[in-house]
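# Commentary on secondary and tertiary structure
Here is how the chains run, residue by residue.
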Amino acid sequence: AAAMILYPTWYDPVFDRLCTLEEALGQIEAAARAWREDRAGYVATGMALWKRRHLQQFFGRQRRLIFCASAERAAKKAGATGRRLMGWGACDAPPGAAAMLRIEDGFLRSLGLGARLHVPLSLVRDDLGIYFDPSRESRLDRLINASPALPAGHLERARDLIRVIAGAGLSKYNLHGAALPPLPDGHRILVPGQVEDDASIRLGCPGEATNLELLARARRENPGAVILYKPHPDVEAGLRRGALAREEALEHADVVLDGVGATAALSVADEVWTLTSLLGFEALIRGLPVTCLGVPFYAGWGLTRDLCAPPARRQARPGLAALVHACLIDYPRYIDPFAARPCAVEVVARALADPEACAPARPARGLLARLQGLRASLPGLRG
């Protein structure tokens, strides 16, 4: 205590202020992790052009990333240089190549939609699988299986983070959206819509796999409930597939929450029914019961009601704090929105709670986002 707490003065370079030892250690830990994981360098493939700058910020501080359009060429380059092979999402390495590191957005991502090309403040790096593919083990699976053995201090840190997220109303994209419409009284079930061709649905929904099927089952099993349907923001923006005509949704839902943000929708819900939406995880953080028709990363651990069988490897029974530590502290990497340096999750949470702290997307990216929406709406352009 004397040497590390009482005697020194600690400084936070992100917010330019004095800070506690624990806050300083969070920054040091993030920088050390980045050095350990990235010092050999990477060859990346399958990365959209607009993502490359922030991928360099996340993973190229030790050795600059090399980008290759062809997975085969990237694998050869990685083998020749001793670098790790990196790809986006659920991609696989070419035959005979070294294992692929898979990159995806984290769960506290940004102040704005990824489909509108707002840059992320968190990414995950998975050396086993990827969190949205339940058919094979992911690094997140291993972290959650090990999480019940976390020390008390780690769990207290996760509880503090839960309080910050719930208190500040944080979500993946942190969109505030429209005001809530008048709602009927009764037991309210929030049903979040999803992007129907999203990989988490393609890989994690053996039964119902569309927004209409989800709504129909929620109504069938809860005939007396007030069902609130919240369309996915990417779909509402016309950037991804999965739109339901309003009259279709109202065949099963009592209210359609057009344009309403995730936090506002959760604040009036008594429970959540979902396919694989991250909003189910956000509901758990807020203490709401969650029913899953698919197999999202947070299902199968004893914290959700699961209507299809989760993978047998999900044996652990973590508490909420242990789950949050695995999902939001151990699994993702974070960078601060000011200097794009490695940082702790608490820094990103604080920045996202202050909208002026996170820079908006560059104007030129708006055209790219609209082109992506056109591509999503025309089956012949997808692939």
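Refer to the structure printed above.
Now for a description of the structure that goes with this document. (Residues numbered from 1 in each chain as written. Predicted model: local features only at pLDDT ≥ 70, side-chain atom pairs only at ≥ 80, totals over all residues. Heavy atoms only, no water.)

## Let's talk about helix α2 (residues 21-38)
- When the terminal C-alpha atoms of α2 are compared, their 26 Å separation across 18 residues agrees well with the 26 Å that a helix rising 1.5 Å per residue should span.
- Buried within α2 are the following residues: L21, A24, G26, Q27, A30, R33, A34 and D38. (Helix = DSSP H or I, 4+ residues; strand = E, 2+ residues; numbered from the N terminus. Expected span 1.5 Å × (residues − 1). Buried < 20%, exposed > 50% of the residue type's maximum accessible area, 1.4 Å probe, protein only.)

## A few points about empty space enclosed by the protein
- Under the counting rule described, the total for this entry stands at one cavity of 30 Å³ or more.
- Here the largest cavity defines a volume of roughly 60 Å³.
- The wall of the largest cavity is formed by F107, L108, I165, L170, S171, L278, F281, E282, I285, R286 and L328.
- Considering every element that reaches the lining of the largest cavity, the biggest residue donor is helix α12 (residues 278-285), with four residues. (1 Å grid on protein atoms, 1.4 Å probe; cavity = no way out; pocket = protein on both sides within 12 Å on 5 of 7 lines; lining within 4 Å. Points joined across faces, edges and corners; volume = space filled by probe spheres on them.)

## Topic: the sheet that holds strand β10 (residues 255-256)
- Spatial ordering of the open sheet is given by β10-β9-β8-β11-β12-β13, a layout of six strands whose pairing is parallel. What marks the edges here is a single partner per strand, and that holds for β10 and β13 (305-306). (Pairing = 2+ DSSP bridges.)

## Considerations on the packing of aromatic side chains
- Under the criterion given, the structure shown has 13 aromatic pairs.
- Relative to F59, the ring of F58 has its centre 5.8 Å away and its plane inclined at 35°; by these criteria the two rings are tilted.
- Among the aromatic residues, those joined into a ring-pair cluster are F107, Y131, F132, F281, F297, Y298 and Y331.
- When the ring centre of W35 is taken as reference, the NZ or CZ atom of R39 above it lies at 4.7 Å.
- When the ring centre of F15 is taken as origin, the NZ or CZ atom of R350, which lies over that ring, is 4.1 Å away. (Phe/Tyr/Trp six-rings, centres within 6.5 Å; stacked < 30°, edge-to-face > 60°. Lys NZ or Arg CZ within 6 Å of the ring centre and 35° of its normal.)

## Regarding the sheet that holds strand β3 (residues 42-45)
- Pairing is mixed across the open sheet formed by seven strands, whose spatial order is β4-β3-β5-β6-β7-β14-β15. Of all strands in the sheet, those bounded by a partner on one side alone are β4 (66-68) and β15 (342-343).
- As paired strands, β3 and strand β5 (residues 84-88) are joined by four bridges and run parallel to one another. Its bridge partner lying in β5, V43 is registered against L85.

## Some points on the pairing of β3
- Across the two faces of β3 the burial is the same, with Y42 and A44 and V43 and T45 all buried.
- Sheet analysis places β3 next to β4, joined by three bridges and oriented parallel. By the bridge assignment for β4, A44 is matched with F67.
- Handedness of the crossover is the feature at issue here: the chain leaves β3, passes through helix α3 (residues 52-59), returns alongside β4, and the resulting connection is right-handed. (Right-handed = clockwise from strand over helix to strand, strands pointing away.)

## Thoughts on the side chain of K172
- The topology assignment puts K172 in the loop between α6 (152-168) and β8 (188-192).
- We note that K172 is buried and unpaired, the nearest opposite charge coming from D105 at a distance of 4.8 Å.
- Those residues in contact with K172, other than ones at most four positions away along the chain, are D105, G106, F107, L108, R109, S110, L278 and E282. (Lys, Arg positive; Asp, Glu negative; His and termini not counted. Salt bridge = Lys/Arg side-chain N within 4 Å of Asp/Glu carboxyl O. Contact = heavy atoms within 4.5 Å.)

## Thoughts on unusual backbone geometry
- At D16, a position not held by glycine, the phi torsion is positive, near 55°.
- Structurally, the position occupied by D16 is in the loop between β1 (10-12) and β2 (17-19).
- Relative accessible area serves as the criterion here: at 58%, D16 is assigned to the exposed category.
- Positive phi is not limited to glycine here, since A340 has a value of about 55°.
- Accessibility expressed as a relative area gives 10% for A340, which makes it buried.

## Considerations on the packing of α6 against helix α14 (residues 345-352)
- Interaxial distance between α6 and α14 falls to 11 Å at its minimum, and their mutual angle equals 10°. Regarding the angle of α6 to α14, the classification is roughly parallel. Contacts from R157, L161 and V164 of α6 reach α14 at V345, E346 and A349.
- Each residue belonging to the contact of α6 with α14 can be placed in one class, and the counts come to four nonpolar, no polar and two charged. (Axes fitted to C-alpha atoms, helices over the stretch in contact; angles between N-to-C directions. Parallel < 35°, antiparallel > 145°, perpendicular 65-115°, else oblique. Nonpolar A, V, L, I, M, F, W, Y, C, P; charged D, E, K, R; others polar.)

## Structural notes on the state of the cysteines
- Throughout the structure, instances matching the rule amount to zero disulfides.
- C343 provides the cysteine sulfur closest to C19, a residue in no disulfide bond, and the two sulfurs are 13 Å apart.
- Classification of C19 as buried rests on a relative accessible area of 13%.
- The thiol sulfur of C327 is not disulfide-bonded, and the nearest other cysteine sulfur, from C292, lies at 12 Å.
- When its relative accessible area of 0% is taken as the criterion, C327 is described as buried. (Disulfide = S-S within 2.5 Å.)

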